[in-house]
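Topology and contacts: notes
Below, each chain spelled out in residue letters.
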Protein chains: 2
Amino acid sequence: MTTIEAPNSAQQTLDLGPARSLVCRECGHQVPLAAEFACSECFGPLEVGYDFGTVRREDIEAGPQSIWRYRNLLPVPSTVDAHPNTDPGCTRLVRADRLAKALGVRRIWVKDDTGNPTHSFKDRVVAVALAAARELGFKVLACPSTGNLANAVAAAAARAGWESVVLIPSSLERAKILTTAVYDGALIAVDGNYDDVNRLATELAADHEDWAFVNVNVRPYYAEGSKTLGYEVAEQLGWRLPDQIVVPIASGSQLTKVDKGFRELGELGLVEQSPYRVFGAQATGCSPVAAAFKAGHDVVTPVKPDTIARSLAIGAPADGPYVLDTVRRTNGSIENVSDEEVVEGIRLLARTEGIFAETAGGVTVATAKKLIETGQLDPDAETVLLITGDGLKTLDAVQDRIGPRATVPPSAAAVREALGL
Amino acid sequence: MTTIEAPNSAQQTLDLGPARSLVCRECGHQVPLAAEFACSECFGPLEVGYDFGTVRREDIEAGPQSIWRYRNLLPVPSTVDAHPNTDPGCTRLVRADRLAKALGVRRIWVKDDTGNPTHSFKDRVVAVALAAARELGFKVLACPSTGNLANAVAAAAARAGWESVVLIPSSLERAKILTTAVYDGALIAVDGNYDDVNRLATELAADHEDWAFVNVNVRPYYAEGSKTLGYEVAEQLGWRLPDQIVVPIASGSQLTKVDKGFRELGELGLVEQSPYRVFGAQATGCSPVAAAFKAGHDVVTPVKPDTIARSLAIGAPADGPYVLDTVRRTNGSIENVSDEEVVEGIRLLARTEGIFAETAGGVTVATAKKLIETGQLDPDAETVLLITGDGLKTLDAVQDRIGPRATVPPSAAAVREALGL
């Protein structure tokens, strides 16, 4: 508990569970918990710092089948699930023996986040952002987005009875507009590209003190939601860390938070502190972090994205340098794959495991394949692949490549002939 | 355990768990467990009969987070989850206070089956069909379908490493073709309507003794999968039955199996045998069971379907008479709603609870509203609504009704003006 200046300028007592402060990732400067995202000393990004106390496996296991079983590891009140929310998380960890065989490795697990309420991992981060935003005194849930995040914010706000403001580029595909508009928040199409929309969000966040732009002014809280992917993988493996994990990179936040989750579990004694390697996956058409990794750089040079993996198409990834740190520290690496390989990755996962991933999932699978073929990923070690979104949302990416085996007249003989029987 | 003539004509010992025989729902004639679906005496439909022995809550609660926690109540081997399968079930039961308020009733729960692996309840029935089919000696998983079932069969077969044969009308929407084709089974488009496709499936099932058409020759096992919806609702309510439940009607099988699940739990002492009322929901454009109910008939007169709720568009529902029995026995009723009301139902659920249902879910919500408004459903009793499929699959149904609030230039002032601020 600590006291801050809340958005509504009313002095109040905050309960954000084990969270104790915001800490600058660059200079280490600490500030009280608040709706801040940049360090007042050096403009570095702020991250949530904690005092966890004792956290026990049995308390987690006795919790709900959602991310709230990890509430004592998140910046949320202990009563978080008393408020209506989408209760994301506890998605399947699938032992993928057929995929492993196809890739020529010993053991692969697929963390299938398509099972979340709006079918992407964004439900996790938005749920944490909403819980923190409520406590911080915000009244409106908002975001700039081109897809999964828009769905998650609009749905979470509807469920909670909050207003939402979702800004999208007006050129967005009709299907992605519909899947947000159905929740009936304030969906605003902006004549401009995603950069324009993002800039507008930052401006509006400054002007409207009760609007929580989940990925702008409450970003430190929002980002922590991705830790739950790491927690769940470890718990589902029977409270242990995997040897290797492949994570797609957009802003890079998810990769660093999965690593943070693994480290916290080790430090708290919830798992053995065994070594693990973190690998990053990008589409070649937007691979600034992979390029920096391969060049041995510490900074990431922005690019103009051009890839079908739109949910990963962030040309100037905010967490790029931290991704490089994480990957190098854990002895992992970063690879990138062509759009052609992305589609093949989607098809390989669907064909072998019956899981239909969005393009980002295709990036992860195809990157894993490349990492194996190039000897970067150990085929005898156990590997987890993060599948973070649903193929139903990116049908356009596969529509020219797949279809019926045959079209036949309505006769059994015709079916047999088509099947070569 | 019993001995039958398996499809491959090899004598073998069957393990279908507590299942003991197939029983004719019309004349009560019993036959050994086998790949039969019609009574040899009277051509009535066969249903699985059981000898459950003792089943305890704690054994179920200690089971996996999937329908297999109920394996001792299903026609599957006790080792069922040792084989790769999609592990469906254990979807959210959402307390829907905002929907309840909008409808003017005390308490509503939404059973949200969009969280299943291919985002509909069909994953449940297909998983049970596959498990039984494996035990019965089949080698190929097959179905005629126009949507959700095709997705579920193709995905389940891919995951299990089985061949699949999925027959669809060639006129099916491109999106529904893609979401099945991606799993790379034998997807065959047939130049004909769904009736033609269905007839073809029956013919092929007779010709190919190792093809399990899930909803034809292994239908008695397949249908039992829907019992798990009833089991989960009761367990998620804290091991008790709800007062009222609203279930969409296609073939009618799901409604009768939810009721069967509730009755079994009561008979086994797993819940108190409290009275409950079962309500059926149809789209007016395909409402033969509602019509029969209202006319006081015991038989259902087939209709030619014309509704946007395509997953419910079965004009000659096989289980229609049993639906009428169930609804009358439990003091429920059956209503039907227009396509306009279906879309409003989808929007109401999305707006109040952040859950985006397919058209069948819109039918359920709109029917609940009508049942309340007409005094058929008790507003002071607790009601469960079954949402059995995902809105991402029926975007065409809402595409002309929803969209952005406004399209604006990239300026904060323009956004504020659009929001009336």
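These lines cover the structure that appears in this document, whether it is placed above or below. Treat the numbers as computed from the prediction; the structure is a model and nothing was measured. (Residues numbered from 1 in each chain as written. Chains lettered and ligands numbered in written order. Predicted model: local features only at pLDDT ≥ 70, side-chain atom pairs only at ≥ 80, totals over all residues. Heavy atoms only, no water.)

Counting from both sides, the interface comprises 74 residues of chain B and, opposite them, 74 residues of chain A. Carbon and sulfur atoms make up 65% of the surface buried where chain B meets chain A, a total of about 5,900 Å² over both sides. When the buried area of chain B at its contact with chain A is split by residue, Arg159, Val182 and Leu392 of chain B rank highest and sum to 11% of it. A salt bridge links Asp207 of chain B to Arg416 of chain A, with the shortest nitrogen-to-oxygen separation between them at 3.1 Å. Taken together, the links from chain B to chain A amount to 30 residue pairs in polar contact (both at pLDDT 80 or more). Taken together, the residues that form the side of chain B that touches chain A break down as 40 nonpolar, 16 polar and 18 charged. Looking at chain direction, strand 16 (residues 406–408) of chain A and strand 10 (residues 186–190) of chain B are connected through 3 bridges and run parallel. (Contact = heavy atoms within 4.5 Å. Buried area = accessible area lost by both parts, 1.4 Å probe. Salt bridge = Lys/Arg side-chain N within 4 Å of Asp/Glu carboxyl O. Polar contact = N/O pair within 3.5 Å; in protein donor to acceptor, adjacent residues only side chain to side chain. Nonpolar A, V, L, I, M, F, W, Y, C, P; charged D, E, K, R; others polar. Pairing = 2+ DSSP bridges. Helix = DSSP H or I, 4+ residues; strand = E, 2+ residues; numbered from the N terminus.)

What follows concerns the sheet that holds strand 12 (residues 244–248) of chain B. Residue and element names in this part refer to chain B. Overall, mixed pairing links the 6 strands, which are arranged 6-7-15-12-13-14 in an open sheet. Strand pairing shows two members of the sheet lacking a second neighbour, strand 6 (92–95) and strand 14 (334–337), which therefore form its edges. Neighbour-to-neighbour, the strand axes of the sheet open up by a mean angle of 25 degrees, direction not taken into account. The pairing of strand 7 (residues 107–112) with strand 15 (residues 382–387) spans 6 bridges and is parallel. Bridged to Ile108 within strand 15 is Thr383. (Axes fitted to C-alpha atoms, helices over the stretch in contact; angles between N-to-C directions.)

All right, on to the relation of the copies chain B and chain A then. For the pair chain B and chain A, the superposition axis carries a translation of 0.0 Å, the fit reaches an RMSD of 0.0 Å, and the rotation angle comes to 180 degrees. Taken together, the rotation and translation relating the two chain copies correspond to the operation of a two-fold axis. Relative to the rotation axis, the closest C-alpha in chain B is found at Gly115 of chain B, a distance of 2.6 Å. Interface overlap between copies: 100% of the residues of chain B at the interface are likewise at the interface in chain A, consistent with a symmetric, same-surface contact. (Least-squares fit on C-alpha atoms with pLDDT ≥ 70 in both.)

Before going further, it helps to examine empty space enclosed by the protein. Taken as a whole, this structure holds 5 cavities of 30 Å³ or more when the rule is applied. Looking at the largest cavity, its volume works out to about 120 Å³. Each residue belonging to the lining of the largest cavity can be placed in one class, and the counts come to 5 nonpolar, 6 polar and 4 charged. Volume-wise, the second largest cavity comes out at about 90 Å³. (1 Å grid on protein atoms, 1.4 Å probe; cavity = no way out; pocket = protein on both sides within 12 Å on 5 of 7 lines; lining within 4 Å. Points joined across faces, edges and corners; volume = space filled by probe spheres on them.)

These values are about where atoms sit, not about what they do.
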